[in-house]
Amino acid sequence: MALFGPGTEARAEDRPVATEGQISVVGRARSEVAPDFASVEIGVESRGATPAAALDGASTAARAILALAAEFKVAEADLGTSAVTLQPATRSMRQPDGSFAEKPDGYRASNTVRVRLADMGRLGDLMRRALDGGANRIDSVGFGLRDPDAAESAVRSAAMKDARLQAERLAEAAGVTLGRVVSIQSPATGAPPPMAFAAPAPMRAKRGGAPVPLVAGTIETAADVSATFAIAR
C-alpha cells in the first residue's frame, strides 16, 4: 500500500484554524492498492420454438460455466446466478403494403453466472474457455478487495497522523505546546468510498481467439479527518 499525504497547497477550507486554547486541522491521505479478486458475469442467450426449448438451451450453457469454474477451483461462495430471463421473441416482417410489423418468432432465454476469481491472471483464460463451452455474453468485469474495511481503516489512520503533524507544526510556529485531542470527526467532508477501476460492460463476446487481455489497475481509497487539539498551558 502506497500512502500519499496532502498537497503542499492547502485549500482555504482545509487550512489549520487556531481558536482560543485550541488548534483545529483537517488531515488527508489516500492509498492505492492492488485488487485481490476479479469478478465477471458470463452468460448465454438462447432461442427456441417453445419456452422450454429456449430455457433448456440457456441452462445447458450455464451448467457448463459452473463446471468450468469448478475446474478453475472457484469456491462455491464465489459463484452466483445474477440473472435468468425468458421472454417472447419477435422479428420484423415486410407487409404487402411495404410497411414492417413485428411477428412472433419463438422465445429468447438467458442465464448469467457471476464468478469471482482470486487468481486474476487466469481470468482471461476463464472467459475464453467459457465461450468454447457455449457462453456468448460477458456483461461486466470488475476488480475489488475482499476486505475493503482494512484499506479504509489504514488510510483513515494515515489521515489522522497527517492531522497531528499539521497541528504540531502550527503549534511550533506559534510558540506553544500541543496538548490532547479534543475532538475527531471522520470523514470531515464526506470522503468517497473505495472505487475499483473496471473493464467496460456490457460487451458481446465472440468465439475463437486467445484469452482476453485484462488489466486490473489499482483501487484508490481516500479519507479526511477533522481534528481539534488543545493548547497545553
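For the structure given in this document, a descriptive report is provided here.

Cut-offs and rules
Residues numbered from 1 in each chain as written. Predicted model: local features only at pLDDT ≥ 70, side-chain atom pairs only at ≥ 80, totals over all residues. Heavy atoms only, no water. Helix = DSSP H or I, 4+ residues; strand = E, 2+ residues; numbered from the N terminus. Buried < 20%, exposed > 50% of the residue type's maximum accessible area, 1.4 Å probe, protein only. Core = buried A, V, L, I, M, F, W, Y, C linked by side-chain atoms within 4.5 Å. Contact = heavy atoms within 4.5 Å.

### A look at unusual backbone geometry
In most cases, non-glycine residues show a negative phi, while peptide bonds are predominantly trans.
Okay, so step 1: The backbone phi angle of Lys73 is positive, close to 60°, even though this residue is not glycine.
Okay, so step 2: Residue placement: Lys73 occurs in the loop between α1 (51-71) and β5 (79-94).
Okay, so step 3: Overall, the relative accessible area of 75% leaves Lys73 in the exposed class.

### A short note on the nonpolar core
Okay, so step 1: Core analysis: the largest hydrophobic core is formed by 21 residues, its most contacted members being Val40, Leu123, Leu126 and Val141.
Okay, so step 2: Elements that contribute at least two residues to this core include exactly β4 (37-48), α1, β6 (100-117), α2 (123-132) and β7 (137-144).
Okay, so step 3: With five residues, the top contributor of residues to this core is α2.
Okay, so step 4: Leaving out residues up to four positions away in the same chain, Leu123 has contacts with Ala38, Val40, Leu117, Val141, Phe143 and Leu214.
Okay, so step 5: Membership of the second largest hydrophobic core comes to 16 residues, among which are Met160, Leu178, Ala223 and Phe229.

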